[in-house]
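Observations on chain architecture
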Amino acid sequence: MNAAAEFLRRSAEKAADLTHRQIIRRNMETYDVAAARGRTRFADWDAARERCAAIKHEAIENLDALLIQFEEKVLSRGGHVFWAENSAEAREYIAKLAGDRGVKRVVKSKSMVTEEIHLTPALEALGCEVVETDLGEYIVQLRNEPPYHIVTPAMHLSRVQIGELFREKLEGVTSDEPAELVAAARRKLRAAFFSAEMGISGANFLVADAGMVAISTNEGNGRLCTTLPRIHVVVTGIEKVIPRLRDLAYLWPVLATAGTGQPITTYSTLIGGPRTAGEIDGPEEFHVVLVDNGRSELLADVEQREVLRCIRCGACLNACPVYKQVGGHTYATTYQGPIGSVLTPHLRGHDFDHLSYASSLCGNCTSVCPVKIDLHHHLLHNRRNSVQADQRPPSERLGFRMWRWMMMSGSRFSQLAKLGKFGARVGKAIGIDPLKPWTSYHAAPELPRRSFRDLWKDGHV
Amino acid sequence: MARVLRRIGCELSFPEDQTCCGQPAFNSGYWDDARAVAQRFLRVFEKAECVVGPSGSCITMVRKFYPGLFCGVLPTYSKFYEFSEFLTSVAKVEDLGASFPHKVTVHDSCHALRELGIKEGPRKLLRNVKGLELLEMPHAEECCGFGGTFAVKFGMISSAMADTKLQNAVTTSAEFVTSIDPSCLMHLDGVFRKKQSPLKTIHLASILASEATQ
Amino acid sequence: MSNPSRGRILGRISTALQQKSPPMSPQARPIFAPVGDLKERFEVECKNNLTECLFTRNAGETQAHLLAILASLDPGIVFAEDMPFLRDRLPYAPHTLQWSSEGAAPESAQATITRVKALVAATGSLLVTSSCGGRRGTIVAPVHIVLANESQLVPDIESALALAEAKGMTTKNSYVGLITGCSRTADIEKLLVIGAHGPKRLVVLVES
């Protein structure tokens with residue numbers, strides 16, 4: 001089954017699942033309240049969005065110079081930088097490193113890019129144990145499923161489900177109390193942190209003028225992953241670079257507010273390299289893997305280049321009425337929701353065009369994006385690109401050719417409207433429904449006997 | 001809509017040759033087809049001083065998307081108005097002398113809200129309607145799920161979104177859901193009746209056209 | 001390891017950027033609300049993010065509070081950033097003291113005691129580096145006790161980062177960070193649980 005048909009099947013299933021709908025609604029309402037409160041901390045939230053948009057815009061327009069500046073600084077402090085054109089190259093580098101260094105256990109803090117490049121299976125194939133340390137990621141890893149949401153990976157699960165899971169997989173769990181569940185995870189993961197030879201993290205930002213990688217977590221797992229193992233590997237998209245350390249004064253609060261409604265994430269960390277000569281702890285090796293994987297092509301598309309501004313806050317997922325009905329797993333892509341629908345065709349090709357069509361174009365995503373990406377208009381651009389690349393089904397192309405023919409003539413248009421009404425009546429009489437895709441979910445429309453056009457002509461208006 | 005506009009003294013004409021603004025093709029990515037139909041649309045209304053339409057999505061197409069289709073904003077686009085917008089911003093009339101003694105809640109159509117900034121206007125007009133009790137539903141700004149071909153291509157999601165809208169509207173005890181967009185209303189009405197809900201839909205223009213029966 | 005992709009990626013980027021986007025010039029509007037009195041604001045923000053903030057008037061009071069906190073813990077290892085104040089004033093019993101000069105904070109540490117580089121009023125945050133008891137000192141134990149001074153208050157994140165740059169913190173240390181409250185997660189039903197992988201309790205003693 002192709003991706004589009006699979007999406008249709010999954011979305012139909014989820015849209016009918018009222019329990020699922022309730023769970024998401026509740027989560028989203030909690031988020032809405034927290035985010036609204038968070039925004040009141042700003043004198044002018046829109047100005048904050050504009051500033052962050054401008055910072056990312058500047059970064060993208062100077063991407064090569066900034067990446068070179070960042071790389072120079074990292075190298076000068078004893079770190080390594082590897083440029084990976086695609087997923088395979090990134091995986092190979094990290095796998096080779098793990099193999100060469102005798103790595104048996106890896107602890108990971110959250111990184112969407114590592115999902116994008118399918119890193120974990122590659123390391124597991126080498127015999128490494130890979131442990132997700134973000135609690136949400138850890139939970140879905142135990143369940144062998146992908147993350148449900150880019151910020152809250154286990155949003156679809158209740159404490160009862162998580163409690164059952166933990167009772168099966170961990171020790172010392174007797175109830176479904178979140179505090180007890182978190183404590184059990186802490187105990188288990190602490191052992192992993194202290195024994196792992198390699199810590200893998202993502203990057204929220206790459207700071208060019210400081211040569212440092214910015215990583216934000218609330219749990220502190222990012223801190224431990226980047227402190228305890230002797231090798232620290234950062235996996236990041238090339239678009240994460242920003243010009244200056246000072247830019248974080250805006251990006252950090254805005255990311256936290258849009259992501260969770262917090263003023264700033266609990267641990268906002270900057271790592272510049274391996275431990276220095278005078279430091280008492282820290283990794284001995286530091287590697288940054290810069291992943292392209294289609295981003296430089298998106299950069300070349302001037303109309304849609306701004307999509308690279310994304311700071312992966314998840315606000316658009318939370319705002320999307322379609323996401324709220326179908327949830328994250330339905331998309332079956334690394335990046336879900338509006339940003340996922342916009343981005344995925346660029347990263348993975350026209351097989352994922354259907355995501356751009358699975359939207360009512362309401363525009364709520366655009367109105368919440370903290371870096372002012374015109375998300376819903378980019379869905380329109382993707383749709384146009386799909387047509388221009390001849391990706392549409394022949395029936396649809398034919399349909400619009402006929403539509404155009406009808407719309408180019410006033411008389412054809414009004415005749416058609418009459419024909420349509422007549423056809424609907426005939427169909428009803430003989431039991432055929434030409435409007436089945438509509439009437440499966442809607443009662444048949446009650447059409448007026450006389451159209452406005454007729455009334456106007458007869459002077460009844 | 002025509003009745004209301006006449007009531008406030010507008011001189012009306014209806015170019016009978018009009019067909020469509022081109023949005024269905026545009027939204028589906030068929031921009032060449034949309035452009036041809038859009039060009040015709042502009043020609044049909046070329047001589048008009050001011051054009052009013054009872055649809056936020058059509059007017060959005062003209063004012064917000066025609067510039068991209070035709071590369072540039074021409075003055076002709078700004079003469080197109082959505083009906084409630086025309087009343088409040090151009091005619092500057094907020095009391096139409098209407099009477100509609102019912103409980104009514106407003107659904108904010110996405111195009112009107114997010115592309116044209118229409119939110120308070122319809123509410124101002126409704127507050128002046130005699131006997132009308134205006135109720136606000138939770139998540140009034142959330143999409144109803146129509147989205148053009150989306151409603152047909154992704155019917156399950158679309159109808160689930162309308163169902164959510166129904167659940168939200170029902171909490172207000174309103175008898176009618178109103179909006180300024182016929183596509184939203186047609187979609188919601190179809191789903192409400194399919195689910196056998198007593199909730200009714202009505203276009204803002206129909207409310208404003210209602211006069212007290214003596 | 002040779003990296004031919006580097007040239008190819010940079011090549012594609014610079015070709016792409018031959019077409020520039022129209023520039024963005026955001027208006028200069030104030031983004032953050034004024035911070036107000038630094039000490040008051042820091043106190044309020046600490047309450048919000050669940051940092052225990054105690055103001056003390058002198059070294060004696062600081063010591064008293066510190067000893068009281070340590071007394072509330074079960075006997076175990078306490079890791080401390082090596083400094084004369086602590087060398088002079090911390091008792092050796094019932095806890096086992098380990099100093100940063102002896103090495104990294106151990107896994108079993110009950111509590112760590114460190115200094116910080118600045119206190120950020122606007123968010124109730126601490127500016128720290130790897131010289132504050134190593135990287136581990138500010139994350140590895142369930143209780144983190146901070147010794148700070150009122151003179152270390154700065155208004156906001158921007159000023160904290162400016163300070164970090166001015167003092168060369170970002171060049172001399174491999175880790176620089178802002179810590180805001182104790183470790184937490186809302187990954188289960190979006191309910192806040194305090195104490196995930198980092199400290200469950202963060203106490204800041206601010207001496208005037």
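Below: a short report on this structure. (Residues numbered from 1 in each chain as written. Chains lettered and ligands numbered in written order. Predicted model: local features only at pLDDT ≥ 70, side-chain atom pairs only at ≥ 80, totals over all residues.)

**Description of the pairing of strand 10 (residues 285–291) of chain A**
Put simply, side chains in a regular strand alternate between the two faces of the sheet. Residue and element names in this part refer to chain A. For strand 10, the tally of buried residues reaches 6 of 7 residues, placing the bulk of the element in the interior. Of the strand pairs in this sheet, strand 1 (residues 80–84) and strand 10 are connected by 5 bridges, and their pairing is parallel. Residue pairing in the sheet places F82 in a bridge with V289 of strand 10. Sheet topology note: the strand 7 (residues 231–237)/strand 10 ladder contains 7 bridges and is parallel. Paired with V234 across the two strands is V288, which belongs to strand 10. (Buried ≥ 20, exposed ≤ 12 C-beta atoms within 10 Å, placed from the backbone. Helix = DSSP H or I, 4+ residues; strand = E, 2+ residues; numbered from the N terminus. Pairing = 2+ DSSP bridges.)

**Digging into the interface of chain A and chain C**
The interface is formed by 76 residues belonging to chain A together with 59 residues belonging to chain C. Per-element accounting of the side of chain A that touches chain C gives the leading share, 8 residues, to helix 3 (residues 45–61) of chain A. Across the side of chain A that touches chain C, the residue classes tally to 39 nonpolar, 19 polar and 18 charged. Sheet topology places strand 9 (residues 267–271) of chain A next to strand 9 (residues 175–179) of chain C; 5 bridges connect them, and they run antiparallel. Bridge assignment links S268(A) to a residue of strand 9 of chain C, and that residue is L178(C). (Contact = placed C-beta atoms within 7 Å. Nonpolar A, V, L, I, M, F, W, Y, C, P; charged D, E, K, R; others polar.)

**Let's talk about the sheet that holds strand 5 (residues 176–179) of chain B**
All names here are of chain B. Across the sheet, 4 strands lie side by side as 4-3-5-6; this open sheet has parallel pairing. A strand with exactly one partner marks an edge of an open sheet, and here the two such strands are strand 4 (133–135) and strand 6 (200–203). Within this sheet the neighbouring strands show an average axis-to-axis angle of 35 degrees, counted without direction. Where strand 3 (residues 103–106) meets strand 4, 3 bridges bridge the pair, whose relative direction is parallel. Its bridge partner lying in strand 4, V104 is registered against L134. In the packing of helix 10 (residues 182–194) onto the sheet, the strands contacted are strand 5 and strand 6, and the crossing angle to strand 6 comes to about 165 degrees. (Axes fitted to C-alpha atoms, helices over the stretch in contact; angles between N-to-C directions.)

**Topic: helix 2 (residues 38–49) of chain C**
Residue and element names in this part refer to chain C. If you check helix 2, its first and last C-alpha atoms are 16 Å apart, about what 12 residues at 1.5 Å a residue would give, namely 16 Å. Taken together, the buried positions of helix 2 are R41, F42, E45, C46 and N49. The arc enclosing the buried residues of helix 2, seen along the axis, measures out at 135 degrees, which places them on a common side. Those residues of helix 2 that are exposed and angled more than 90 degrees off the buried face are E40 and K47. Looking at the buried residues of helix 2, the elements they touch are strand 1 (52–56), strand 5 (118–120), strand 8 (153–154) and strand 12 (201–207). Positive phi appears at L50, one or two residues downstream of helix 2, with a value of about 70 degrees. (Expected span 1.5 Å × (residues − 1). Arc of directions from axis to C-beta.)

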